[in-house]
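# Summary of the model geometry
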Amino acid sequence: MASTLLTVQPLAQRVPYEQSWAAMRTFTEQRHADTPDEVWLIEHQPVYTLGQAGLASHILNAQHIPIVQCDRGGQVTYHGPGQVTVYCLWDLRRLGLYVKEYVALLEEAILHVLQGYGLSEATRKAGAPGVYVPAQAVLALQDPSTDLVKIAAIGVKIRNGRAYHGLALNVDMDLRPFQGINACGYAGLRTTDLRECGVDTTVAEVAARLQQALTHLHQQRLTPMSLQATA
């Protein structure tokens, strides 16, 4: 029965951001109390996205990369090839989750995946949603100017107790576009990926591991009441 409350869409590659955003809004607007939650695994075409209250001043040099102002929380980030973006379209009321608990759950899934790749020192950062690794874990960083380097971003939107948007984990990217922004609104924040941390893997493999971690955490949140509602 638990599996009927979560549907996972297979990895889709090179998807335009606005296409996914429109589909998320439509799904959320049309879903009902008994609609199963969904997880979408996406690899996007290059795009900068600004959150609902995002400041254009955090985009320093967009060059040819398109900019989309969307309705998630947070400031500016970059999506592109070599990154897994996971959209969690979840009914938080049914799962008994508040927003802060939900963000912590997404971070927990990322941390679980990174630990599986040997990055046991990956961590959260107080007041700055997402997941970070110590600068010494980044092989290409010869002269770190900060203790922590960001490897995964989180941005969510809640409408009528239902979440959309989600998380993005950098796998094997061209990281230069992050130099064109104040990532997540922080000047000088360094961004990395699994490849820079010495992990040889693929977008598809990381997507599968994130799917497993999120499915497990979702099932843990199910209550007898939520199961009964779909019976």
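Here the residue numbers are simple positions, counted from 1 along each chain's written sequence. Since the coordinates come from a predicted model, pLDDT governs what is reported: local features require at least 70, and pairs of side-chain atoms require 80 or more to be given and counted, while whole-chain, interface and lining totals use all residues. No hydrogens and no water enter the side-chain calculation; it runs on all heavy atoms of the structure.

### Some thoughts on helix 3 (residues 99-116)
The criterion, for reference: Strands here are runs of E lasting at least two residues and helices are runs of H or I lasting at least four, both read from the DSSP assignment and numbered beginning at the N terminus. Here the expected span of a helix is defined as 1.5 Å times the quantity of residues minus one. When a residue's accessible area, from a 1.4 Å probe over protein chains only, is under 20% of the maximum for its type it is buried; when over 50% it is exposed; and in between it is partly exposed. Contacts are residue-level and defined by heavy atoms, with any inter-residue pair within 4.5 Å sufficient.
Between its terminal C-alpha atoms helix 3 stretches 26 Å, which fits the 26 Å expected from 18 residues at 1.5 Å a residue. Here helix 3 has its buried residues at Y102, V103, L105, L106, E107, A109, I110, L111, V113 and L114. Where helix 3 is buried, its residues contact strand 6 (83-89), helix 2 (92-95), strand 7 (131-134), strand 8 (148-159), strand 9 (162-170) and helix 4 (203-221). At the C-terminal side of helix 3, G118 shows a positive phi close to 90 degrees.

### Description of the packing of aromatic side chains
Defined as follows: Only rings of Phe, Tyr and Trp enter the pairing, Trp through its six-membered ring, and a pair is recorded when the two centres are within 6.5 Å. The plane angle decides the type: under 30 degrees is stacked, over 60 is edge-to-face, the rest tilted.
For the coordinates displayed, the defined rule picks out four aromatic pairs. Geometrically, the ring pair formed by F27 and W40 is edge-to-face, given 6.3 Å between the ring centres and 70 degrees between the ring planes. Taken together, the residues F27 in helix 1 (residues 17-30) and W40 in strand 2 (residues 37-44) connect sequence positions 13 residues apart. W40 shares its class with F27; the two are buried.

### A short note on the sheet that holds strand 3 (residues 47-50)
Here is the rule we go by: By this definition, two strands are paired if DSSP reports at least two bridges between them. Axes here refer to lines fitted to C-alpha atoms; in helices the fit is confined to the stretch in contact. Angles between the N-to-C directions go from 0 to 180 degrees.
Across the sheet, which stays open at both edges, the three strands sit in the order 4-3-5 with mixed pairing between neighbours. The strands lining the two open edges of the sheet, one partner per strand, are strand 4 (67-69) and strand 5 (76-79). Recorded for the sheet is a direction-independent mean angle of 25 degrees between the axes of neighbouring strands. Across four bridges, strand 3 lies against strand 5 in antiparallel orientation. Within the sheet, the bridge partner assigned to T49 lies in strand 5 and is T77. The strands that helix 1 touches are strand 3, strand 4 and strand 5; relative to strand 4, the one it contacts most, it runs at about 15 degrees.

### Side note on the pattern of salt bridges
Where charged atoms of side chains with opposite charge meet at close range, the side chains can pair. Applicable threshold: A side-chain nitrogen of Lys or Arg and a carboxyl oxygen of Asp or Glu constitute a salt bridge if their distance falls within 4 Å.
Considering all chains together, one arrives at 12 salt bridges under this definition. Linking R159 and D71 is a salt bridge whose minimum nitrogen-to-oxygen distance equals 3.9 Å. In this pair, R159 sits in strand 8 while D71 sits in the loop between strand 4 and strand 5, placing the two residues 88 residues apart along the sequence. R124 is the salt-bridge partner of E107, the closest N and O atoms lying 2.7 Å from each other. Separated by 17 residues along the polypeptide, E107 in helix 3 and R124 in the loop between helix 3 and strand 7 bring together distant segments of the chain. Residue class for E107 comes out buried when judged on its relative accessible area of 6%. Through salt bridges with shared partners, a single network forms among E29, D71 and R159.

### Structural notes on the confidence of the model for the chain
For any part of a model where pLDDT is low, the fine detail of the predicted coordinates should not be relied upon. In plain terms, the rule: Per-residue confidence from the prediction method is given by pLDDT, with values spanning 0 to 100.
On average, residues of the chain score 92 in pLDDT, and 91% of them reach the 70 mark or higher. This model gives residues 227-231 a pLDDT under 50, and the stretch forms eight contacts once residues within four places in sequence are excluded.

### Some remarks on unusual backbone geometry
In this model, R14 sits at a positive phi of 55 degrees, which is unusual for a non-glycine residue. Examined against the element boundaries, R14 turns out to sit in strand 1 (residues 6-15). For Q63, which is not glycine, the phi dihedral falls at a positive 50 degrees. By secondary structure assignment, the location of Q63 is in the loop between strand 3 and strand 4.

### Remarks on the pairing of strand 3
Residues V47 and T49 line one face of strand 3 and the alternating positions Y48 and L50 line the opposite face, and both faces are buried. When strand 3 meets strand 4, the two strands line up parallel, connected through three bridges. When the sheet's bridge partners are listed, T49 is paired in strand 4 with V68.

### Comments concerning helix 1
So the rule is basically this: Directions drawn from the helix axis to the C-beta atoms are what define this arc.
Counted at 1.5 Å a residue, the expected span for helix 1 with its 14 residues is 20 Å, and the 20 Å between its end C-alpha atoms agrees. The set of residues buried in helix 1 consists of Y17, S20, W21, M24, F27 and T28. Within helix 1, the buried residues cover an arc of 130 degrees as seen down the axis, which keeps them to one side. For helix 1, exposure combined with an orientation more than 90 degrees from the buried face picks out E18, Q19, E29 and Q30.

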